[in-house]
Amino acid sequence: QVQLVESGGGSVQAGGSLRLSCVASGTTFSTFSMGWFRQTPGKQREGVAGIDSDGRTTYANSVKGRFTISRDNARDTLHLQMNSLKPGDAAMYYCAAYAAPVSQALESGEYKAWGQGIEVTVSS
């Protein structure tokens, strides 16, 4: 089984930055498709960013130019650098994984393993 543990969340003022990390264990990390998703109460889970095993990235339009997804295969770690944060970015953020290529990197149904979630709040 794959275990995913997020860290790096917290509270930040609008315009600030946070860096989320997700450490994977029990997996051949370098071959996995990985993604970041976020969700607020009453809303569907939204795909934020995805990265495949070759390092190709996909971003939601709402975060393009502000967020960067990356992976450190040597440390089995996924990152999400979030800059220029807005109040609308506040959510519970989840790390997700699937041990194969995915057809739609920002669709939650493509992923089978999920982290516990980590909260991000943005104050104005």
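Refer to the preceding data block for the structure.
Predicted model, so just to flag it, every value in this text is computed and none were measured. (Residues numbered from 1 in each chain as written. Predicted model: local features only at pLDDT ≥ 70, side-chain atom pairs only at ≥ 80, totals over all residues. Heavy atoms only, no water.)

(A) Highlighting the overall build of the protein chain. A tally of regular secondary structure across the protein chain gives 0 helices and 11 strands. Start at the N end of the protein chain and walk to the C end: the helices and strands fall as β-β-β-β-β-β-β-β-β-β-β. A compact globule built from 124 residues should have a C-alpha radius of gyration of about 14 Å, and the protein chain, at 13 Å, falls within 12% of that. Looking at the 124 residues of the protein chain, the share that counts as buried comes to 43%. Long-range pairs, those at least 24 residues apart, make up 59% of the contacts in the protein chain with a sequence separation of at least 6. Charge centroids of the protein chain, computed over 11 positive and 10 negative side chains, lie 4 Å from each other. (Helix = DSSP H or I, 4+ residues; strand = E, 2+ residues; numbered from the N terminus. Rg over C-alpha atoms; globule rule 2.2 N^0.38 Å. Buried < 20%, exposed > 50% of the residue type's maximum accessible area, 1.4 Å probe, protein only. Contact = heavy atoms within 4.5 Å. Lys, Arg positive; Asp, Glu negative; His and termini not counted. Charge placed at Lys NZ, Arg CZ, Asp CG, Glu CD.)

(B) Structural view of the pairing of strand β5 (residues 46-51). Across the 6 residues of β5, 5 count as buried, placing the element largely inside the fold. Taken together, the 5 bridges between strand β4 (residues 33-39) and β5 define a ladder with antiparallel strand orientation. Note on β5: the bridge partner recorded for Trp 36 is Ala 49. Counting the residues in the hairpin turn of β4 and β5 gives 6 residues, including Gly 42, whose phi is positive at 85 degrees. Note that β5 and strand β6 (residues 57-59) share 3 bridges and pair antiparallel. Residue pairing in the sheet places Ile 51 in a bridge with Thr 57 of β6. The antiparallel hairpin formed by β5 and β6 contains 5 residues in its connecting segment, where Gly 55 sits at a positive phi of about 90 degrees. (Pairing = 2+ DSSP bridges.)

(C) Structural context of the packing of aromatic side chains. Per the stated rule, a full pass over the model turns up 3 aromatic pairs. Seen in terms of ring centroids, Phe 37 and Tyr 111 are 5.3 Å apart; in terms of plane orientation they differ by 75 degrees. Their pairing is edge-to-face. A residue pair is termed long-range when its members are at least 10 positions apart, and Phe 37 in strand β4 and Tyr 111 in the loop between β9 (91-98) and β10 (113-114) qualify at 74 residues. Each member of the pair, Phe 37 as well as Tyr 111, carries the same accessibility label: buried. Judged by centre distance (6.4 Å) and plane angle (70 degrees), the rings of Tyr 111 and Trp 114 are edge-to-face. Of the residues examined, Trp 114 reaches a relative accessible area of 28% and is grouped as partly exposed. Linked through ring pairs, Phe 37, Tyr 111 and Trp 114 together constitute an aromatic cluster. The ring of Trp 114 carries Arg 45 above its face, with NZ or CZ at 4.7 Å from the centroid. Above the face of the Tyr 98 ring, Lys 112 is positioned so that its terminal group lies 5.1 Å from the ring centre. (Phe/Tyr/Trp six-rings, centres within 6.5 Å; stacked < 30°, edge-to-face > 60°. Lys NZ or Arg CZ within 6 Å of the ring centre and 35° of its normal.)

(D) Just the nonpolar core, in detail. Ranked by internal contacts, the top residues of the largest apolar core, which has 30 residues, are Met 34, Trp 36, Leu 78, Leu 80, Met 82 and Tyr 93. At the level of secondary structure, the elements contributing two or more residues to this core comprise β3 (18-25), β4, β5, β7 (67-72), β8 (77-82), β9 and β11 (118-123). For Tyr 93, the contacting residues outside a window of four places in its chain are Glu 6, Leu 20, Phe 37, Arg 38, Val 48, Phe 67, Leu 80, Met 82, Gly 117, Ile 118 and Val 120. Phe 37, Ala 96, Ala 105 and Tyr 111 belong to the second largest nonpolar core, which has 5 residues in total. (Core = buried A, V, L, I, M, F, W, Y, C linked by side-chain atoms within 4.5 Å.)

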